[in-house]
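Chain by chain, the residues run as shown.
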2 protein chains.
Amino acid sequence: MREAARETVCEEAGVTVRGGDGVTAGGKDRGTASVIRRGANLPRVGDFNESVVLDAIRRHPTGLSRVELARATGLSSQTVSNITRRLLDQGVARESGKQPMGNGKPRTLLEIVPASRYALGVHLDPAVITCVLVDLLGTVVAQRSRATPRGGDTDKIAADMAASVSGLVAESGADRDRILGLGIAAPGPIDATAGWVVDPPELHGWGRYPLRDRLSEATGFTAVLDKDVTAAVVAERWTGAATDSRNLLFFYFGTGTGMGMVVDDAVLRGVSGNAGEVGGLGAGCSTRTLVEEAVALGVLGTEYAVTNPADAQRGVERLAAMTAEGDARADGILERLAIRIGRGVCTAATLLDIDTIVFGGPTWHLLADRLLPTIEPMVAGSPFVKATHPTAVVSTTLGANVAAVGAASLVLDSTLSAQPRTLLLT
Amino acid sequence: MREAARETVCEEAGVTVRGGDGVTAGGKDRGTASVIRRGANLPRVGDFNESVVLDAIRRHPTGLSRVELARATGLSSQTVSNITRRLLDQGVARESGKQPMGNGKPRTLLEIVPASRYALGVHLDPAVITCVLVDLLGTVVAQRSRATPRGGDTDKIAADMAASVSGLVAESGADRDRILGLGIAAPGPIDATAGWVVDPPELHGWGRYPLRDRLSEATGFTAVLDKDVTAAVVAERWTGAATDSRNLLFFYFGTGTGMGMVVDDAVLRGVSGNAGEVGGLGAGCSTRTLVEEAVALGVLGTEYAVTNPADAQRGVERLAAMTAEGDARADGILERLAIRIGRGVCTAATLLDIDTIVFGGPTWHLLADRLLPTIEPMVAGSPFVKATHPTAVVSTTLGANVAAVGAASLVLDSTLSAQPRTLLLT
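Chains are numbered independently. Their residues run from 1 in the order of the written sequence. Following the order in which they are written, the chains are lettered starting with A and the ligands numbered starting with 1. Totals for whole chains, interfaces and linings use all residues, but because this is a predicted model, local features are given only for residues with pLDDT of at least 70 and pairs of side-chain atoms are given and counted only at 80 or more. The basis for the side-chain values is all heavy atoms of the structure; hydrogens and waters are excluded.

A. The overall build of chain A, seen in detail. Where helices and strands are cited, they refer to DSSP runs of H or I of at least four residues and of E of at least two residues respectively, numbered from the N terminus. Assigned secondary structure in chain A consists of 12 helices and 16 strands. A radius of gyration in this sense is built from C-alpha atoms; the matching globule rule multiplies 2.2 Å by the number of residues raised to 0.38. In summary, chain A has a C-alpha radius of gyration of 23 Å against a globular reference of 22 Å for 426 residues, a match within 12%. Based on the C-alpha atoms only, the size of chain A along its principal axes is roughly 70 × 55 × 50 Å. Here chain A, with 426 residues, has 60% of them falling under the buried criterion. In what follows, a contact means two residues having at least one pair of non-hydrogen atoms within 4.5 Å. Sequence separation of 24 or more characterises 65% of the internal contacts of chain A that already satisfy a separation of 6 or more. Partly exposed residues are those whose accessible area sits between 20% and 50% of the maximum for their type, while under 20% is buried and over 50% is exposed, using a 1.4 Å probe and protein chains only.

B. Fine view of the relation of the copies chain A and chain B. Copies overlap after least-squares fitting; the atoms used are the C-alpha atoms of residues with pLDDT of at least 70 in both. Taken as rigid bodies, chain A and chain B are interconverted by a rotation of 180 degrees and an axial shift of 0.0 Å, the fit giving an RMSD of 0.0 Å. These values place the two chain copies in the arrangement generated by a two-fold rotation axis. In terms of proximity to the rotation axis, the leading residue of chain A is A:Pro420, whose C-alpha is 2.6 Å off the axis. Here 100% of the interface residues in chain A have copies in chain B that are interface residues too; the copies meet face to matching face.

C. Structural view of the sheet that holds strand E10 (residues 208–209) of chain B. Residues and elements named next belong to chain B. By the convention used here, strands pair only if DSSP detects at least 2 bridges between them. Taken in spatial order, the three strands of this open sheet run E8-E9-E10, and their pairing is antiparallel. Here the strands that pair on one side only, and so sit at the sheet edges, are strand E8 (190–191) and E10. Across two bridges, the pairing between strand E9 (residues 196–198) and E10 is antiparallel. Note on E10: the bridge partner recorded for Val198 is Arg208.

D. Quick peek at the UniProt feature "domain: HTH marR-type" (unreviewed entry) in chain A. UniProt positions are given in the numbering used here, feature names are shortened, and annotations may be inferred rather than shown by experiment. Within the UniProt annotation, "domain: HTH marR-type" (unreviewed entry) is assigned to residues 50–93 of chain A. A distance of 12 Å separates the end C-alpha atoms of residues 50–93 of chain A, which is 70% helix and 7% strand.

E. Seen up close, the pairing of strand E15 (residues 356–360) of chain A. Summarising burial for E15(A): five of the five residues are buried, a large majority. Burial of the side chains of E15(A) extends over both faces: A:Thr356, A:Val358 and A:Gly360 are buried on one face and A:Ile357 and A:Phe359 on the other.

F. Representation of the sheet that holds strand E6 (residues 140–147) of chain B. Residues and elements named next belong to chain B. The strand order across the open sheet built from five strands is E6-E5-E4-E7-E11, with neighbouring strands paired in mixed fashion. Each edge of the open sheet carries a strand with a single partner, namely E6 and strand E11 (223–227). Averaged over all pairs of adjacent strands, the angle between their axes in this sheet comes to 15 degrees, without regard to strand direction. Where strand E5 (residues 128–135) and E6 come together, seven bridges link them in antiparallel fashion. Axis definition: a line fit to C-alpha positions, over the contact stretch in the case of helices; interaxial angles, taken between N-to-C directions, run 0 to 180 degrees.

G. Spotlight on the packing of aromatic side chains. Each Phe, Tyr or Trp ring, with Trp reduced to its six-membered ring, pairs with another whose centre is within 6.5 Å; inter-plane angles below 30 degrees give stacked pairs, above 60 give edge-to-face pairs, and intermediate values give tilted ones. If you walk through the whole model with that rule in mind, you get eight aromatic pairs over all chains. Summarising the aromatic geometry, the rings of A:Phe250 and A:Tyr252 are spaced 6.4 Å apart at their centres and angled 45 degrees between planes, so their arrangement reads as tilted. Residues A:Phe250 and A:Tyr252 agree in their burial class; the two are buried. Any Lys NZ or Arg CZ that is within 6 Å of a ring centre and within 35 degrees of that ring's normal is treated as a charge sitting over the ring. A cation over an aromatic ring shows up here: B:Arg58 above the ring of B:Trp238, its NZ or CZ 3.4 Å from the ring centre. Here the guanidinium or amino end of B:Arg176 rests over the ring plane of B:Phe221, the centre of that ring lying 4.2 Å away.

H. Region of interest: the packing of helix H10 (residues 328–352) of chain A against helix H11 (residues 364–381) of chain A. Residues and elements named next belong to chain A. Across the interface, H10 lies against H11 with an axial gap of 8 Å and an inter-helix angle of 45 degrees. Taken together, the axis directions place H10 and H11 in an arrangement best described as oblique. Judged by the sense of rotation from one axis to the other, the crossing of H10 with H11 is right-handed. Side by side, H10 and H11 meet where Asp331, Leu334, Glu335, Leu337, Ala338, Ile339, Ile341, Gly342, Arg343, Val345 and Cys346 of the first sit next to Leu367, Arg370, Leu371, Thr374, Ile375, Met378 and Val379 of the second. Split by residue class, the contact of H10 with H11 holds 12 nonpolar, two polar and four charged. Each angle is binned into one of four classes, with values under 35 degrees roughly parallel, values over 145 roughly antiparallel, values of 65 to 115 roughly perpendicular, and all other values oblique. Should the near helix be turned counterclockwise from the far one by less than a right angle, the crossing is left-handed, whereas a clockwise turn marks it as right-handed. Classification used: nonpolar for Ala, Val, Leu, Ile, Met, Phe, Trp, Tyr, Cys and Pro, charged for Asp, Glu, Lys and Arg, polar for all others including Gly.

I. How the structure looks around the pattern of salt bridges. Residues and elements named next belong to chain B. Between Lys or Arg on one side and Asp or Glu on the other, a salt bridge is scored when a side-chain nitrogen of the former is within 4 Å of a carboxyl oxygen of the latter. Under the criterion given, the structure shown has 38 salt bridges over all chains. In this structure, Glu95 engages Arg66 in a salt bridge whose closest nitrogen and oxygen atoms are separated by 3.2 Å. With Glu95 in strand E2 (residues 93–101) and Arg66 in helix H3 (residues 66–73), the pair connects residues that are 29 residues apart, well separated along the chain. By relative accessible area, which is 26% here, Arg66 ends up partly exposed. Here Glu325 and Arg318 are joined by a salt bridge, their closest N and O atoms 4.0 Å apart. We classify Glu325 as exposed; its relative accessible area is 60%.

J. Geometry of the interface of chain A and chain B. On the side of chain B, 82 residues touch chain A, which itself brings 82 residues to the contact. In this description, buried area is defined as the sum, over both parts, of the accessible area (probe of 1.4 Å) that is lost when the two are combined. Here chain A packs against chain B, burying approximately 6700 Å² in sum over the two surfaces, 59% of which is carbon and sulfur. For the pair chain A and chain B, the number of links is zero salt bridges. Side-chain atoms alone can form a polar contact between residues adjacent in sequence; in general such a contact is a pair of N or O atoms within 3.5 Å, and within protein one must be able to donate a hydrogen while the other accepts it. Where chain A meets chain B, there are 22 residue pairs in polar contact (both at pLDDT 80 or more). Mapped by element, the contributors of at least two residues to the side of chain A that touches chain B are helix H2 (42–58), helix H3 (66–73), strand E13 (257–263) and H10 of chain A. Top element by residues in the side of chain A that touches chain B is H2(A). It accounts for six residues. Residue classes in the side of chain A that touches chain B are distributed as 37 nonpolar, 28 polar and 17 charged.

K. Up close: the environment of B:Val262. Residues and elements named next belong to chain B. The topology assignment puts Val262 in strand E13 (residues 257–263). By relative accessible area, which is 0% here, Val262 ends up buried. Distance in space between the C-alpha atoms of Val262 and Leu248 is 5.2 Å, their sequence separation being 14 residues.

L. View of the environment of B:Pro61. Note on placement: B:Pro61 falls in the loop between helix H2 (42–58) and strand E1 (64–65). Overall, B:Pro61 belongs to the exposed group, its relative accessible area being 60%.

M. Here's a closer look at the domain arrangement of chain A. All names here are of chain A. All the domain ranges listed were derived from an automatic or database domain assignment. Looking at the assigned domains, one finds that chain A contains domain 1 (2–115), domain 2 (117–234 + 404–413) and domain 3 (243–396). One C-alpha centre belongs to domain 2, the other to domain 3; they are set 24 Å apart. Taken together, the contact pairs 21 residues of domain 2 with 24 residues of domain 3. Carbon and sulfur atoms supply 55% of the area that domain 2 and domain 3 bury against each other, a total of about 1700 Å² over both sides. Contact with domain 3 buries surface across domain 2, with Glu202, Val229 and Val233 losing the most and accounting together for 33% of the total. In this structure, the connection of domain 2 to domain 3 is made through three salt bridges. Where Arg288 meets Glu202, a salt bridge forms, and the shortest distance between an N and an O atom there is 2.9 Å. When contributions to the side of domain 2 that touches domain 3 are tallied by element, the ones reaching two or more residues are strand E8 (190–191), strand E11 (223–227) and helix H7 (228–238). The element that contributes the greatest number of residues to the side of domain 2 that touches domain 3 is H7, accounting for six residues. Its residues assigned to classes, the side of domain 2 that touches domain 3 shows 10 nonpolar, four polar and seven charged.

Structural data, given as C-alpha cells:
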C-alpha cells in the first residue's frame, strides 16, 4: 500500500518512479528458501536509465552535453537523446548554454531545474522539531522549527507536526503537485517496515507510534520514515560534504549520538532499520549524560540540571563557552568526550573500511571547534585505520538541520536516485 | 582485463556471466562528479533473470515447478519457460520428478545438477594452505592441505599453491571446462582492486604480492581474491549456516580474528576490500598472542613458545584440553577471550542491526565448546542488541575449511548469483 501511494504521488508530480526496495519474495510454500531474488523487466530498465541520466546532470552543476552524458553513463546517444527529451518535457532539466567545440559545432549543455521538484523533511528531535522544504538539489527553500512538546499526547504532537508541514508548504508558495513526498527522521529505535517510532529513550510516552502513516494521512503526502542518523548520511551524499564518497560514516551528535553508514555505495539499514547504534563503541553519549556529568563534578551549577532535552542543550552551550574561556575542568570533560568519539569512529572506520567521516547533528556545531582537533589526529594516527588509503575527517556543510534536510533527501534519494535494486520486479 | 578473462572462462563453461562490479564511471572531464552510475541495458536483463531462476532452483533442494518459479521470481511463465529450457540445455538443471496436483496435470519439478559446474578455492592461512574443489551447491568434492612454508620465496610458495590447485583438479577427475574459476582467500590487508596481499602481519616477507594474477597465470583459471573473513561469510550465505539471512556477521577465529559482514543482502567490502578488522572492538586476537599470554602466565610451558603460526595452533589445542580437564587458569584465559569476543560481536551486531552471528574459522572448532556458552548469553542479554528482533548465534556447519569453501564460493557468487548491480553497463 505504501508503494502504491508513493507511485501515485510521483505520477502526479510527473516524474517516473520505480517501485520500492523489495528484493526478497515469498516462495516459502515449498522448500526452505526465503531470500529468492526477483527478476528484472524491461520497463524498469527505461525508468532506471532515466534516473541515471538525471543523476549525472545533477552532479555536474556547470552543465553536461548529451555526448558527455552518453560517455558518463555508458548509454547510447539515442537513448540519452530520448531521455533528455523526456526530462526537458517534464521541466526537470533545461538547456543552459553552449559548450564551444573549437572548429566543431558547439554542444548544448543540460542542467537541472532546481525548482522543478521539491521534497519535504521533518526531523523529530527530542529537543526540537524542524520542518524543511528542499528543492531538487537539496537546497532548503523554506524552514520552520519549534520546541518539541514534552510527554503526553502523541496524537496531538503528530497533528502539530502535520500542521507545521502544511503551513510550510503554504508559506513557501511551492506548487503542491511538484512536491515528491515527505521524509521523516526520528530517533531510534524505529520499526522501518511499519513506519513506527518504538519507545525512543528521550521521547517519553511515545511508545510504539505509527508516525509515518499519521503524518501521511494528515498532510496528504506519501511519507517515508528512517532513523535520524540514516537520514543525515543520505543528506551528505545528496548535497552535503560527501557527494563523491562511496564509503562514509556520519557521526551524529544531538540529544543522543549515533552513526549513519554508507558502504560500497549503499546506505546500511539492517534488519529493522536500526543500524547505527554506537553505545557498544564507547561513543554512545546523550547531551543529558554529558551535562549531568558536568553538574555532578561541580563544573556546571545545579541550575543546569537536566529535566528535559532542551535543558541539556543549554548546558552544552555553557560547557562550550567555559572551555573557550579557558576553564580546564570543562575542557577536561569535552576532551574525554572527544577521545570516546575518536575511538568510536576509528573502530567503525576500520571495521567498515570507509574513507570519509562526516560529523554533524543538532548539537555538533556547539562543540566542533573543541572536539575535532582531538579527533582528527586520532583518526590520522589510528593503527586500525589502514595505510591502504587516507581517511577524510570533515564537519557537515548542512548545519544543525542536517537530519531535517536528510529526511527530505530520503524522498529525493528513493524517488530520483539510480538504485540497481529498483530494477527488480516487486 | 580481469573482466575479459572472466567472461572468456565462463563462456567456455557455458554459463552466461554478467560483467564485474563496476558501478562508478569516469565523467571527471568536466564538473565535479566521480560517482556517476552507469545505465542498464536489455541483454543484461536476460542474463540477470537467468541467474534469478538458477538461484531459486538452487535454494529449493526438493525441486521447483515452472509455475512456482514464476511465482517466486515475479517473472512471466513464458520467460521462466525460456530460461529453464536454456538451463536444461546447459546441463545446469534437470527435471527431477512430478509434483502431484490433485485432479490437475502433475507439474514437472526442476533441480540443480550439482556436478554440472565446479569452483576452486584456495585459502592462504599463515599456518596452513587449503585447496578445495566444490560443486555448484558448494559441496566439497576434493581437498588438499599443507603447512604454509615459512618466510622467504613468495614466488616459490605461489607456484606450489598453483601446483596444488592443478593437482587437485587432476585427481578429482572434474572436467576442466566445467570449472568456473579460482577464488583466493587471504589474510588482510589486501588490495582488492589489484588482487594483491599487502604485508599480512603473520605472513612475513610477503610484502605487496600480486597473488591473484600469479595464480591465475599459473593455473589458467580466472581468479578472484578477497579477505579470508569475507570469503567465509560468502560461504555461509551460499551453502552454510545462514543461507536465509540477509543481515549477518561471521566471526572468524584463525591465526587472527576478524569479521565478515552482510547487511541488507550485500557483502560489505569497503574502499579497499579490507572491511572486517576487529582490533578496535577489543575482539582482535591472534592465536600467537593467546598462547604467548598463557606461556607468560606459566599456564603453558615454554615448550609452547610460538615461533610460527603452526606452533600457536598446538598451544591453543593444549589450552582447550587443559580447560576440558578442569584447569582453572587455562579456563580463565579462555573466559577472558570469550568476553572480549562477546563484547565485539554485540557491538558490531548493534551497529549493523544484524540478526545472525556465525562463528568459525581454522581454530574455532578447538574452542567453540568453551567460548560459545559465554558468548551466547552476552548476545541474548546485550542492552545494545535491540528487542526489535532476535539474534541467532551459531557455529559454522562448514568446518575448519570455511575460508577455502568461501574462496570457491566467491566464484560461484560472482558468476551465478543474481546481483542487481550486474545489470549496469560496464
